[in-house]
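Inside the fold
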Amino acid sequence: MSSLFDVTIIGAGPIGLYTAFYSGLRALKTKVIDAEPDVGGKIRYFYPDKKIHDVGGIAETTGYELVQNFKQQAETFEPEFVLGKRIVSLAKQPDETFLMQTEDGEHHYSKTVIIACGSGTYEVNPLVATNADLHHAKTHYHLRDLEQFRGKKVVISGGGDAAIDAAFTLQPIAKSVDLIYRGENFKGYEKRAADLLLSNIHVHLQHEITSLNEGSELETVTICAKPSGKEETLACEALFISHGVEVDFSFTKNWGLQTADWGIQVNSFMQTNIPGVYACGDAASYSRKIRIISAGLHEGAIAVNSAKQYLDPGAANEAMVSTHHEHFTN
Ligand SMILES: Cc1cc2nc3c(=O)[nH]c(=O)nc-3n(C[C@H](O)[C@H](O)[C@H](O)COP(=O)(O)OP(=O)(O)OC[C@H]3O[C@@H](n4cnc5c(N)ncnc54)[C@H](O)[C@@H]3O)c2cc1C
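The following paragraphs examine the structure supplied in this document. Since we're looking at a predicted model, the values are computed, not measured. (Residues numbered from 1 in each chain as written. Predicted model: local features only at pLDDT ≥ 70, side-chain atom pairs only at ≥ 80, totals over all residues. Heavy atoms only, no water.)

1. Considering the packing of helix α1 (residues 14–25) against helix α7 (residues 293–311)
Contact geometry of α1 with α7 gives a least axis separation of 8 Å together with a crossing angle of 40°. Once α1 is placed against α7, the crossing between them reads as right-handed. In contact with Pro14, Ile15, Tyr18, Thr19, Tyr22 and Ser23 of α1, α7 contributes Ile293, Gly296, Leu297, Gly300, Ala301, Val304 and Asn305. For the contact of α1 with α7, the class distribution of residues is eight nonpolar, five polar and no charged. (Axes fitted to C-alpha atoms, helices over the stretch in contact; angles between N-to-C directions. Helix = DSSP H or I, 4+ residues; strand = E, 2+ residues; numbered from the N terminus. Left-handed = near helix turned anticlockwise from the far one by under 90°. Contact = heavy atoms within 4.5 Å. Nonpolar A, V, L, I, M, F, W, Y, C, P; charged D, E, K, R; others polar.)

2. A look at the sheet that holds strand β16 (residues 231–235)
Taking strand neighbours across the sheet as the criterion, the three strands line up as β14-β15-β16 in an open arrangement whose pairing is antiparallel. Each having just a single partner strand, β14 (207–212) and β16 make up the two edges of the open sheet. Each strand of the sheet is rotated relative to its neighbour by a mean of 35°, with strand direction disregarded. (Pairing = 2+ DSSP bridges.)

3. As for the packing of aromatic side chains
One pass over the full model with this rule turns up 10 aromatic pairs. Centre to centre, the rings of phenylalanine 77 and phenylalanine 328 are 6.2 Å apart; their planes meet at 90°, and the pair counts as edge-to-face. Taken together, the positions of phenylalanine 77 in the loop between α3 (63–74) and β5 (80–83) and phenylalanine 328 in helix α8 (residues 326–329) put the pair 251 residues apart, joining distant regions of the chain. Residue class for phenylalanine 77 comes out partly exposed when judged on its relative accessible area of 21%. Within the aromatic cluster, the residues linked to one another by ring pairs are Tyr18, Phe21, Tyr22, Phe77 and Phe328. (Phe/Tyr/Trp six-rings, centres within 6.5 Å; stacked < 30°, edge-to-face > 60°. Buried < 20%, exposed > 50% of the residue type's maximum accessible area, 1.4 Å probe, protein only.)

4. Details of the site of the ligand
In the vicinity of the ligand there are 33 residues, among which Asp34, Lys42, Tyr47, Lys50 and Asp54 approach most closely. Measuring from an oxygen atom of the ligand, one finds a side-chain N or O atom of aspartate 34 at 2.7 Å. At 3.0 Å from a nitrogen atom of the ligand is found a main-chain nitrogen or oxygen belonging to alanine 35. The fraction of the free accessible surface of the ligand (1000 Å²) that becomes covered by protein chains is 94%. Only α1, β2 (30–34), α2 (41–46), β9 (121–124) and α4 (161–170) provide two or more residues apiece to the shell around the ligand. Looking at the shell around the ligand, the element that brings in the most residues is α1, giving three residues. In terms of residue class, the shell around the ligand is made up of 15 nonpolar, eight polar and 10 charged. (Near = heavy atom within 4 Å. Polar contact = N/O pair within 3.5 Å; in protein donor to acceptor, adjacent residues only side chain to side chain. Areas by Shrake-Rupley, 256 points an atom, 1.4 Å probe, with all protein chains shown as cover.)

Functional significance is not addressed by these values, which are geometric in nature.
So, in structure tokens, the structure goes:
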């Protein structure tokens, strides 16, 4: 039997990582499990090269740098990391500890569980267009290596934040950027969407990509105007597709958790309806919830403090600030 941990955090996104750090600060034996092969959650998956400006105290960073810092901080108290393992079941055992099972049948045991699983596990929706299968190598779903776009004529398809972020990120390095969206108005942040129309990104609203050229080299895409059916051919050497993702959050219901508003219902202790199980970050739901990194960090610390007192009702409400912790003073 694998050993029993005080706290197991499901999800190694930014909030799971910070929660692991804070859990170590409270001297809890901590394990972190993630379905992905590496840590970083949505940042790693969707926007490692994007510039980020709204994390408290960090005026500007990239997704990649931010993940490296979260990772380094999370490693401070040496939690156990289990990566590439999707948790499919969570159940309280007769002795009040929790058993978590991975998709491939591993068992993990813990006295408390903190769910930092974001929006669940995800898979991108593929481009559906004639000849799309000929150009997999030039069709990108993640901005993981900007060099692949340098000096190229880039076509982006999508209308949400990820597509708009990609357009602004790629515009300074690409030869040209065309942004195709089937809707009448963008779904992304209003200000960013307005800025698009003032930029030199070529915006094609109410259009969609219907085909790519034949042959082995990607050279053109054909787009079709939605109301009129009028077709236009655009030069294209690299495609970035942001048609959303299929997220699987259904497991939370199978685990007996109450859900609300795209997340797991928690109270101000980040406590779910199951005693000993907490949620934080994008996975947690409560009144006035904000799904950004800065907001989730606070929730992670609260969840740990609640777990600590669940295990030891006499424990302090919160950790002392890190400067006074023996790990940093010695
Ligand atoms: C395109 C885009 C741009 C954004 N830009 C910003 C920004 O500029 N600033 C900002 O503050 N926020 C931004 N956000 C939001 C920010 O990314 C999220 O608030 C943040 O990632 C939430 O962190 P998290 O750790 O709670 O969840 P996530 O980052 O979603 O991580 C959850 C992790 O849990 C894992 N997981 C899920 N289910 C399981 C399971 N069953 N078993 C094991 N592992 C599991 C996943 O694999 C994932 O790694 C953006 C989001 C998107 C999509």
